[in-house]
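Here's the letter readout for the chains.
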Amino acid sequence: MELSVGSIVTGRVTGITKFGAFVALPGGKSGLVHISEISNSFVNDVHDFLSDGQDVQVKILSVSPEGKINLSIRQVQAAPAAQHSRPPRPQRTAATTAAAPSSAAAVPTEPSFEDKLKQFMSVSDSKQSEVNRHMAGKRGGRRRK
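Just so we're clear, the structure is a prediction, and the values are computed from it rather than from any experiment.

Student: What exactly am I supposed to notice about the packing of aromatic side chains here?
Tutor: Within a pair of aromatic rings, the relevant descriptors are the distance that separates the centres and the angle that separates the planes. Scanning all chains against the criterion turns up one aromatic pair. Residues F19 and F22 carry aromatic rings whose centres are separated by 6.4 Å and whose planes lie at 85° to one another, so their mutual orientation is edge-to-face. On the basis of relative accessible area, F19 is assigned to the partly exposed category, the value being 37%.

Student: What should I look at first to understand the sheet that holds strand β1 (residues 8-17) in this one?
Tutor: In any sheet, the strands associate via hydrogen bonds between backbone groups, in a parallel or an antiparallel arrangement. Taking strand neighbours around the barrel as the criterion, the five strands line up as β1-β2-β3-β5-β4 in a closed arrangement whose pairing is mixed. Strand-to-strand twist in this sheet, taken as the mean axis angle between neighbours without regard to direction, amounts to 50°.

Student: For this particular structure, what's the right way to read a nonpolar patch on the surface?
Tutor: Taken together, the side chains of F113, L117, F120 and M121 define a hydrophobic patch exposed on the protein surface, amounting to about 450 Å² of accessible area. Assignment of secondary structure puts L117 in helix α2 (residues 113-138). Accessibility expressed as a relative area gives 40% for L117, which makes it partly exposed.

What counts, and where the lines are drawn
Residues numbered from 1 in each chain as written. Predicted model: local features only at pLDDT ≥ 70, side-chain atom pairs only at ≥ 80, totals over all residues. Heavy atoms only, no water. Phe/Tyr/Trp six-rings, centres within 6.5 Å; stacked < 30°, edge-to-face > 60°. Buried < 20%, exposed > 50% of the residue type's maximum accessible area, 1.4 Å probe, protein only. Pairing = 2+ DSSP bridges. Helix = DSSP H or I, 4+ residues; strand = E, 2+ residues; numbered from the N terminus. Axes fitted to C-alpha atoms, helices over the stretch in contact; angles between N-to-C directions. Patch = residues over 30% accessible without salt bridge, like charges linked within 9 Å, V, L, I, M, F, W, Y side chains within 5 Å. Areas by Shrake-Rupley, 256 points an atom, 1.4 Å probe, with all protein chains shown as cover. Salt bridge = Lys/Arg side-chain N within 4 Å of Asp/Glu carboxyl O.

Here it is in structure tokens:
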């Protein structure tokens with residue numbers, strides 16, 4: 001049987017390592033499922049998802065000239081529904097841009113970047129002057145005669 005890139009075949013897990021799992025494919029060939037291609041969720045230990053002798057469906061990602069076959073279980077599984085998807089951003093037009101300042105004045109908003117920067121700088125300056133005063137006392141701020 002000819003293994004072509006993109007095809008989905010059933011294989012058997014023959015070995016598990018810390019970086020993935022080896023799968024025996026039809027035709028006596030073997031391929032590697034990298035740890036990043038095992039599941040859509042984070043995989044810390046391959047043993048949590050696969051076991052020796054388990055039959056799995058894999059997608060053939062690539063076949064190198066040396067005969068190495070890269071496989072994916074993750075791409076065969078249905079993609080999970082996006083749990084934290086954001087709604088698309090509305091397109092800005094000249095009308096919405098012109099209307100924004102008047103509506104922003106009516107509704108209290110978060111401080112602008114410049115306001116946050118001014119506040120940070122004043123807090124930073126006061127802390128720095130306090131540190132300088134403290135260090136001057138430790139240096140022996142007395143003058144020599």
